Amino acid sequence: MLHKISTPVLLAILLYNGYQYYKQWHLQQTVENYRLKRNPSIKVDHQKNLTAEPEIIKVTDEMYVAVGYALGNSIMLIGPTGVVIIDTTESLVAARQIAKEFRKITEKPVKGIIYTHNHADHVLGTEAFLENHPDRASVEVWAHHTLPLNFFHFMRVTGKAGYIRAMHQFGALLKTQQISSGIGHKLKLDNIAPTFVSPNKFLYKEKQTIKLAGIDIALMHVPGETDDTICVYWPEKQALLGTDNLYKAFPNLYAIRGTTFRSLKQWYESLDKMRALRPKYFIMSHHKPLIGEDIVYTITTEYRDAVQLVHDQTVRFINQGMHPDKIAEAISLPETLRKNPYLKELYGTVRWSSKGLYSGYMGWFSGDISELDPLTPIERSKRLVSLVGGTENVLKASEKALNDDDPKWSLYLSSSVVNTEPENTKAKELKAKALLDMAELQTSFNGYNYYKTAAYVTLGTLKITPNKDKFKAAVEQSTITELFYLMALKFKTEECSYLDKIVLFEFSDTKQRVKFHIRNGVMDVSGIYRDAKEDLKVTINSVTWKSILTGEKSGLLAAVTSEIIAEPGISDLRVVMECFDRNV
C-alpha cells in the first residue's frame with residue numbers, strides 16, 4: 001500500500017504525525033515541570049499516620065486482624081472447632097497472603113465467612129479462604145439479605161461509570177504519585193478476574209445470634225455507609241467487629257465516586273446501637289483496632305455526634321431556604337470534634353456530606369429558579385468564550401488566575417475552552433495545571449486523588465477503561481435473567497423507538513426461556529406478555545450467548561455454524577441487536 005503513496009505525500013504524513021507526537025510530549029513535559037516546581041506534596045506526613053505496612057495484629061488469643069495487605073482489613077476469630085473470617089478484602093492476591101499468615105497462627109478449618117457489606121474491598125477475596133477446603137460446601141457465608149442485589153447494582157448496573165470514578169477517587173492508577181486512599185494505602189487491583197462467592201446464609205432480622213466454629217456471636221443490622229451493613233458482636237470477648245461506619249477519618253457520608261443515598265440519620269443511630277454495647281474491643285474493617293472500653297465509647301460517641309451535626313445543621317439550613325452550596329460552606333465541626341484524629345477530613349468532607357444529604361432529602365433541584373432549566377455546560381462555555389471576546393482572552397484570564405493562586409477560577413475558565421475546543425493544547429495545559437493545584441488544596445485524599453487523576457486524563461497520559469477479563473468474568477458469573485436486565489439498560493431509544501417486537505430466547509442447555517417486548521423505546525422484561533406469540537424466536541445455548549455478549553464470538557459466525565438459530569431469520573435478529581450498545 002505504501003509504495004502507491006507519492007514521496008511528498010508520505011513525507012507530509014510523517015511530518016504531521018511527528019508534530020502531533022511532539023506537541024503531546026511537550027504538553028506533558030510542560031505540565032510535569034510545573035508540578036515538580038510548584039506542587040511538592042504536603043500530604044506525606046498524613047499518609048504515615050493513616051496507613052500501615054502489612055501486618056497481622058493480635059488483639060487477643062482468639063482475635064486477629066490483617067491490616068495493610070489491601071484497602072480493606074480481614075478479621076479472624078478462632079473458635080473451638082474452627083475459624084470465622086470477617087471480610088475478605090478486594091484482592092484475591094492479598095487475601096491469599098492473609099490466608100497464609102492466618103494458617104501460621106492456626107490450622108483450624110474455616111467454618112464461616114461474614115460479609116459486613118457489599119463493597120468490593122470486603123467481598124472479593126473470599127475464594128482464597130475456600131481454596132483446598134476439605135468441606136467447602138459446609139462453610140456458611142453470611143450477609144444481610146439485601147447484599148446480593150446491592151452488589152449486583154454496585155458492580156454491574158452502574159459498574160462502568162462506578163469503576164471509572166472509583167479509579168479517580170482512590171487514585172489507583174497514579175502509580176508513584178498515589179499517596180493514600182484515605183482509609184488505607186492503596187486499592188489493590190489484581191490482574192486476574194475476581195470471583196464473587198455468593199452468601200448462602202442471610203440476616204433478615206435487626207439482630208440474630210448464630211453459632212459458628214463453636215462461637216456464639218450476634219449479627220446486627222447497622223445501616224450506614226450502605227443499607228446492608230452488618231456488624232458482628234462477640235459478647236464473651238466484649239468485641240465489636242467489622243463495618244465501615246467508623247474510620248480513622250471523617251466518613252464518606254457521600255462518596256465522590258458516586259453512590260446511592262446514605263442516610264445520615266440511620267448512620268448515627270447505628271453508631272448508637274454499637275456504642276450501647278460498651279465494647280472493650282472494636283476491630284474495624286479499615287485501620288488498626290480500638291482497644292479499651294472508654295476509648296471505644298468516647299470515639300464512637302464523638303463520631304456519631306459529627307454525623308448528627310452534619311445531618312441536623314443541613315436540615316436546619318434547608319428549612320431556611322439556603323442553596324446547597326451555601327449550606328455546605330456554612331457547616332463546620334466544632335473544635336471539640338475537629339481535634340479528634342478520627343474526624344480529620346482525610347477521606348470524606350463535611351461539605352460533600354452536606355450536599356449529599358441535601359440531594360437525598362430534596363433532590364437535584366436547589367430551588368434557585370435559574371437552575372431549573374439551565375444551559376448545558378457546553379452551551380454555557382460557548383457563550384462565556386463569546387462574551388469575553390474569544391478563546392485567547394479566556395485563556396489569558398485562566399493563566400492570570402493560575403499565577404494569582406486562584407486555581408478554582410483558572411480551572412473553570414480553562415475547562416470552558418476545553419469544552420468547546422477539546423484539542424486546544426494551551427487550554428489542556430492550563431486545565432491540567434489548575435487540577436494539580438486544586439489537588440494540593442485538598443484535605444481529603446479522595447479529593448486529592450480525583451483532581452490528580454483528572455489532570456492526567458486531561459493530558460492524555462492516563463486512560464481509564466474497565467479490564468476486559470474482568471468484564472468477561474462478570475458476564476460469565478451473571479445469571480441469564482440478570483444479563484437480559486442489563487441488556488435493557490443498553491437499548492438505543494434514539495435509534496429504535498419505532499421497533500415493536502416480542503422476542504423469545506430459548507437456551508438449549510439450561511432449558512430457560514426469556515421473552516421480552518421491545519416497544520416505545522424500551523425493552524420490557526417483565527414477562528406479563530408471556531402467553532403472547534413472539535415475532536422472533538432465538539435458540540442458542542447460554543455459553544455461546546455469553547461469548548457473544550463479551551465479544552469473544554461473532555453472532556454472525558454463530559449463525560453460520562448453527563450455534564444460533566433465529567426464526568423467521570438471522571436478519572430479523574440483526575435488526576434487534578443493532579438497537580443495543582455493544583460493551584459501552
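Residues numbered from 1 in each chain as written. Predicted model: local features only at pLDDT ≥ 70, side-chain atom pairs only at ≥ 80, totals over all residues. Heavy atoms only, no water.

Draft legend 1. Layout of helix H18 (residues 468-477). What H18 keeps buried is the set Ala473, Ala474 and Val475. Regarding H18, its N-cap is Asn467, as a side-chain oxygen of that residue lies 2.8 Å from the backbone nitrogen of Asp469 further along. (Buried < 20%, exposed > 50% of the residue type's maximum accessible area, 1.4 Å probe, protein only. Helix = DSSP H or I, 4+ residues; strand = E, 2+ residues; numbered from the N terminus. Polar contact = N/O pair within 3.5 Å; in protein donor to acceptor, adjacent residues only side chain to side chain.)

Draft legend 2. The packing of helix H14 (residues 391-403) against helix H15 (residues 407-420), seen in detail. Interaxial distance between H14 and H15 falls to 8 Å at its minimum, and their mutual angle equals 160°. On the basis of the axis angle, H14 is roughly antiparallel to H15. Read as a crossing pair, H14 and H15 show a hand that is left-handed. Every residue of H15 that contacts H14 at Thr391, Val394, Leu395, Ala397, Ser398, Ala401 and Leu402 is listed here: Pro407, Trp409, Ser410, Leu413, Ser414 and Val417. Looking at the contact of H14 with H15 residue by residue, the class counts come to 9 nonpolar, 4 polar and no charged. (Axes fitted to C-alpha atoms, helices over the stretch in contact; angles between N-to-C directions. Parallel < 35°, antiparallel > 145°, perpendicular 65-115°, else oblique. Left-handed = near helix turned anticlockwise from the far one by under 90°. Contact = heavy atoms within 4.5 Å. Nonpolar A, V, L, I, M, F, W, Y, C, P; charged D, E, K, R; others polar.)

Draft legend 3. Representation of the packing of aromatic side chains in the model. In the structure shown here, the tally under the stated rule is 17 aromatic pairs. Clustering of aromatic rings is evident, with ring pairs tying together Phe484, Phe505, Phe507, Phe516 and Trp545. Over the ring of Trp234 we find Lys237; its NZ or CZ atom is 5.7 Å from the centre of that ring. It is Arg278 that lies over the ring of Tyr297; its NZ or CZ is 3.9 Å from the centre. (Phe/Tyr/Trp six-rings, centres within 6.5 Å; stacked < 30°, edge-to-face > 60°. Lys NZ or Arg CZ within 6 Å of the ring centre and 35° of its normal.)

Draft legend 4. Seen up close, the pairing of strand S15 (residues 513-519). Within S15, 5 of the 7 residues are buried, leaving the element largely enclosed by the surrounding structure. Relative to S15, strand S14 (residues 501-507) runs antiparallel, the two sharing 6 bridges. Among the inter-strand pairings, Leu504 is bridged to a residue of S15, identified as Lys515. Sheet topology note: the S15/strand S16 (residues 522-524) ladder contains 3 bridges and is antiparallel. Counterpart to His517 in the pairing with S16 is Asp524. (Pairing = 2+ DSSP bridges.)

Draft legend 5. The environment of Ala66, seen in detail. Considering the arrangement of structural elements, one finds Ala66 in strand S2 (residues 63-67). Assessed through its relative accessible area of 1%, Ala66 is described here as buried. Separated by 11 residues in sequence, Ala66 and Glu55 have C-alpha atoms that sit 5.9 Å apart.

Draft legend 6. Looking closely at the domain arrangement of the protein. Domain boundaries assigned for the protein yield domain 1 (55-161 + 177-293) and domain 2 (478-578). Each of domain 1 and domain 2 has a C-alpha centre, and these two points are 38 Å apart. (Domains from an automatic or database assignment.)

Draft legend 7. Representation of the pattern of salt bridges. Following the criterion strictly, the structure yields 33 salt bridges and no others. Residue Asp404 pairs with Lys400 through a salt bridge whose shortest N-O separation is 2.7 Å. A salt bridge links Glu429 to Lys426; the shortest N-O distance between them is 3.5 Å. On the criterion of helical spacing, the pair formed by Glu429 and Lys426 is a turn pair, its members being 3 residues apart in helix H16 (residues 425-440). The class for Glu429 is buried, based on a relative accessible area of 11%. (Salt bridge = Lys/Arg side-chain N within 4 Å of Asp/Glu carboxyl O.)

Draft legend 8. Region of interest: the nonpolar core. Ranked by internal contacts, the top residues of the largest apolar core, which has 76 residues, are Leu246, Phe250, Phe282 and Leu290. Filtering out sequence-adjacent residues up to four positions away, Leu246 remains in contact with Leu271, Phe282, Met284, Leu290, Ile299, Thr300, Tyr303 and Tyr342. Within the second largest apolar cluster, 30 residues are counted, among which are Ala95, Ile113, Val141 and Phe151. (Core = buried A, V, L, I, M, F, W, Y, C linked by side-chain atoms within 4.5 Å.)

Draft legend 9. Expanded view of unusual backbone geometry. In this model, Glu567 is joined to Pro568 through a cis peptide bond whose omega is 20°. Mapping Pro568 onto the fold places it in the loop between strand S18 (564-567) and helix H23 (570-577). Of note, the phi angle at Asp87 is positive, near 70°, even though the residue is not glycine. Among the secondary structure elements, Asp87 is positioned in the loop between strand S4 (83-86) and helix H3 (92-105). Owing to a relative accessible area of 0%, Asp87 belongs among the buried residues under this scheme.

Draft legend 10. Local environment of the sheet that holds strand S17 (residues 536-540). Overall, mixed pairing links the 5 strands, which are arranged S16-S15-S14-S17-S18 in an open sheet. Pairing within the sheet leaves two strands with one partner each, and these edge strands are S16 and S18. Shown here is a sheet whose adjacent strand axes are inclined to one another by a mean of 20°, direction ignored. Taken strand by strand, helix H21 (residues 542-550) contacts S14 and S17, and its axis lies near 105° from that of S17.

Draft legend 11. The sheet that holds strand S1 (residues 55-60), seen in detail. Read from one edge of the open sheet, 7 strands run S1-S2-S3-S4-S5-S6-S7, paired in mixed fashion. The sheet is open, and its two edges are formed by S1 and strand S7 (201-203), each paired on a single side. Going across the sheet, the axis of each strand differs from the next one's by a mean of 20°, ignoring polarity. Two elements, strand S5 (residues 110-114) and strand S6 (residues 140-144), share 3 bridges in a ladder whose sense is parallel. Bridge pairing links Ile114 to Trp142 in S6. The sheet contacts of H3 involve S1, S2, strand S3 (74-78) and S4, and relative to S3 the element is tilted by about 25°.

Draft legend 12. Layout of the environment of Leu504. Structurally, Leu504 is set in strand S14. Note on Leu504: relative accessible area 1%, which makes it buried. Distance from Leu504 to Lys515, taken between C-alpha atoms, is 4.3 Å for residues 11 residues apart in sequence. What Leu504 contacts, discounting residues up to four positions off in sequence, is Arg513, Val514, Lys515, Glu534, Leu536, Lys537 and Val538.

Draft legend 13. Inspection of the side chain of Ser542 at higher detail. Its place among the elements puts Ser542 in helix H21. The exposure class of Ser542 is buried, given its relative accessible area of 9%. Those residues in contact with Ser542, other than ones at most four positions away along the chain, are Ile480, Phe507, Asp509 and Thr510.

Draft legend 14. Seen up close, the side chain of Thr301. Structurally, Thr301 can be placed in helix H9 (residues 293-318). Looking at Thr301, its side chain comes within polar contact range of the side chain of Arg275, at 2.9 Å.

Draft legend 15. A look at the state of the cysteines. What the rule picks out here adds up to 1 disulfide. Paired through a disulfide, Cys496 and Cys579 show a sulfur-sulfur distance of 2.0 Å. The sign of the S-S torsion, about -95°, decides the handedness of the disulfide formed by Cys496 and Cys579: left-handed. With Cys496 in helix H20 (residues 493-496) and Cys579 in the segment after H23, the pair connects residues that are 83 residues apart, well separated along the chain. For Cys496, a relative accessible area of 4% puts it in the buried group. Under the relative-accessibility criterion, Cys579 is labelled buried at 1%. (Disulfide = S-S within 2.5 Å.)

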